[in-house]
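Next come the chains, spelled out residue by residue.
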Amino acid sequence: MAETMLAERFYAKDHSIHLEEIPIPEPGPGEVLMKVAYCGICHSDLSLINGNFPPSLPVVTQGHEASGTIVKLGPGVTGWSVGDRVIPSAGRPCMVCRKCRRGDFANCLHLHLMAFAYDGAWAQYHVASAMGLTKIPDNVAMDQAALLADAVSTPYAAVVRTAQVHSGNAVAVWGVGGVGTHLVQLARSAGAVPLIAIDLNDEVLERAKRLGADFAFHSDDPDLMKKIEEVTNGRMIDVAFDAVGIQATVRAAVESLDVNGKVVTLGLSDQDIDAGPFLDFNLQRKQVRGHLGYQGQDIAILAEMLSFGRLDLSESISDVVPLSEVERGIDDLKNHKGNPIRILVKP
Ligand SMILES: [Zn+2]
Ligand SMILES: [Zn+2]
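Definitions and cut-offs
- Residues numbered from 1 in each chain as written.
- Chains lettered and ligands numbered in written order.
- Predicted model: local features only at pLDDT ≥ 70, side-chain atom pairs only at ≥ 80, totals over all residues.
- Heavy atoms only, no water.
- UniProt positions renumbered as here; feature names shortened; annotations may be inferred.
- Core = buried A, V, L, I, M, F, W, Y, C linked by side-chain atoms within 4.5 Å.
- Buried < 20%, exposed > 50% of the residue type's maximum accessible area, 1.4 Å probe, protein only.
- Helix = DSSP H or I, 4+ residues; strand = E, 2+ residues; numbered from the N terminus.
- Domains from an automatic or database assignment.
- Contact = heavy atoms within 4.5 Å.
- Pairing = 2+ DSSP bridges.
- Right-handed = clockwise from strand over helix to strand, strands pointing away.
- Salt bridge = Lys/Arg side-chain N within 4 Å of Asp/Glu carboxyl O.
- Polar contact = N/O pair within 3.5 Å; in protein donor to acceptor, adjacent residues only side chain to side chain.
- Lys, Arg positive; Asp, Glu negative; His and termini not counted.
- Donors = N, O, S within 2.8 Å, 3.2 Å for Na, K, Ca; no water.
- Tetrahedral: all angles 85-135°; square planar, octahedral: opposite > 155°, others 65-115°.
- Axes fitted to C-alpha atoms, helices over the stretch in contact; angles between N-to-C directions.

In the annotation of an unreviewed UniProt entry, the chain is listed under the name Zinc-binding dehydrogenase and assigned to Propionibacterium freudenreichii subsp. shermanii. Word for word, the UniProt comment on the chain under Sequence similarities (unreviewed entry) is "Belongs to the zinc-containing alcohol dehydrogenase family." In its Cofactor (unreviewed entry) section, the UniProt record describing the chain reads: "Zn(2+)".

**Q** Let's hear about the nonpolar core: which residues, and what values?
**A** L148, V171 and F241 are the most contacted members of the largest nonpolar core, which has 44 residues in total. Listing elements by their share of this core, those giving two or more residues are strand 3 (31-41), helix 2 (142-162), strand 11 (171-174), helix 3 (178-189), strand 12 (195-199), helix 4 (202-210), strand 14 (237-242) and helix 8 (296-307). The biggest single contributor to this core is helix 2, with ten residues. When we break this core down by domain, the ones giving at least three residues each are domain 1 (4-150 + 294-346) and domain 2 (164-290). Residues in contact with F241, not counting those within four places in the same chain, are A158, V159, A163, V165, V171, A172, V173, W174, L183, V264 and L266. Core analysis: the next-biggest nonpolar cluster, separate from the first, contains 33 residues, V32, V60, V86 and V345 among them.

**Q** Could you give me a rundown of the pairing of strand 17 (residues 317-322), with the residues and numbers involved?
**A** Pairing of strand 17 with strand 18 (residues 342-346) involves five bridges; the strand directions are parallel. Bridge pairing links I317 to R342 in strand 18. With helix 9 (residues 326-334) bridging strand 17 and its parallel neighbour strand 18, the resulting β-α-β unit is right-handed.

**Q** Go over the domain arrangement of the chain with me, naming the residues and quoting the values.
**A** Domain parsing of the chain yields domain 1 (4-150 + 294-346) and domain 2 (164-290). Here domain 1 and domain 2 have C-alpha centroids that lie 30 Å from each other. Contacts between the two partners involve ten residues from domain 1 and, on the opposite side, twelve residues from domain 2. One can count one salt bridge joining domain 1 with domain 2. Residue R210 pairs with E315 through a salt bridge whose shortest N-O separation is 2.8 Å. Taken together, the connections running from domain 1 to domain 2 amount to six residue pairs in polar contact (both at pLDDT 80 or more).

**Q** Give me the lowdown on the environment of Y156, citing residues and values where you can.
**A** Residue placement: Y156 occurs in helix 2. By relative accessible area, Y156 is classed as buried at 9%. Considered as a pair, Y156 and A187 are 31 residues apart in the sequence and their alpha carbons are 8.4 Å apart. If we ignore the near neighbours within four places in the chain, the residues touching Y156 are R161, L186, D298, I301, L302 and M305.

**Q** Break down the side chain of K262 for me, with residues and values.
**A** Note on placement: K262 falls in strand 15 (residues 257-265). Although K262 is buried, it makes no salt bridge; D238 carries the closest opposite charge, 9.0 Å away. Excluding residues that lie within four positions of it along the chain, K262 makes contacts with A163, Q164, D238, V239, A240, L257, Q287 and R289.

**Q** An account of the coordination of the zinc ion (ligand 2) is needed here, citing residue identities and associated values.
**A** Donor atoms from the polypeptide that bind the zinc ion (ligand 2) are C94 (SG), C97 (SG), C100 (SG) and C108 (SG), placed at 2.3 to 2.4 Å. Considering all four donor atoms around the zinc ion (ligand 2), angles at the metal cover 102 to 119° and the coordination shape is tetrahedral.

**Q** Which residues make up the sheet that holds strand 16 (residues 287-290), and what values go with them?
**A** One open sheet holds the six strands; their spatial order is 13-12-11-14-15-16, and the pairing between them is parallel. Edge positions in the sheet fall to strand 13 (215-218) and strand 16, since each has one partner strand and no second. Shown here is a sheet whose adjacent strand axes are inclined to one another by a mean of 20°, direction ignored. As paired strands, strand 15 and strand 16 are joined by four bridges and run parallel to one another. What sits directly across from T265, in strand 16, is G290.

**Q** Which residues make up the UniProt feature "domain: Enoyl reductase (ER)" (unreviewed entry) in the chain, and what values do they have?
**A** Those residues carrying the UniProt feature "domain: Enoyl reductase (ER)" (unreviewed entry) are residues 13-345 in this numbering. Secondary structure over residues 13-345 splits into 28% helix and 26% strand, and the C-alpha atoms at its two ends are 25 Å apart.

Next up, the structure:
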């Protein structure tokens, strides 16, 4: 095996990124070395580069949505073999916060994030903790598998865990870009009816309809609430997702709710939440819940859904770029070129 590999490296001092030849890392105790097949480009990777997300290391390899094959086991690793196709967990519990010290690792308060607190997978090889690995079913393609770590698992956890969408719920999704498109697909599979996509962009609205939305409305339509009332036969929305994360969308999402309805917010901006007038909010017992992240087993559940044909992510891979062109992929995502759902890096 070669001793060095190509990796994309982020430098905190000037927020620059560089392609470098660096030594292939050695897996330590409890770790495995994997050859990276694909690794997605996520908005949170852009946030590190543009400064919206504070760097935790002076230099780090980016990329946290990966699939690959184990090529070497570190000391003490059991239950995994060289050749296993896996998805690494995108975070490691800190083991010292008050949650970790009660065994509540899933709710760790200082999760060490892959590609932020330790090296990620925009590289030919990646060292992963064996504890967080998910096995990829034989009939699931490596490119779709890479989507499961975060890009699909975060919306999955939002639909199933935080929103608890169930059969018969009227569901609306504000913002049907990458996250919103997966929210539409997963809400559909959870039994949402009717399912409404809301956005400003005609192209993404068409795509949302193709992937399962029953109706597509413009967010700036002055008759939006009237239209939602019409298509829900007056009952309005049980669960509204805000994948945009600005005051206008949260407020509209809250306004659209039926009594006891809830808004789940996944979008991020530097604005404050505005849930509208207290009287309407309290009287109708509305709720707003925040959401980010997923549980480890959500990746395995989604891998099974792909394996059994319950989920089709073939439209989710908008482009694949070689590692040498990672900057082009980053720019295309930043500029929304072709409204990408996910651009994958293939090292
Ligand atoms: Zn991500
Ligand atoms: Zn912790």
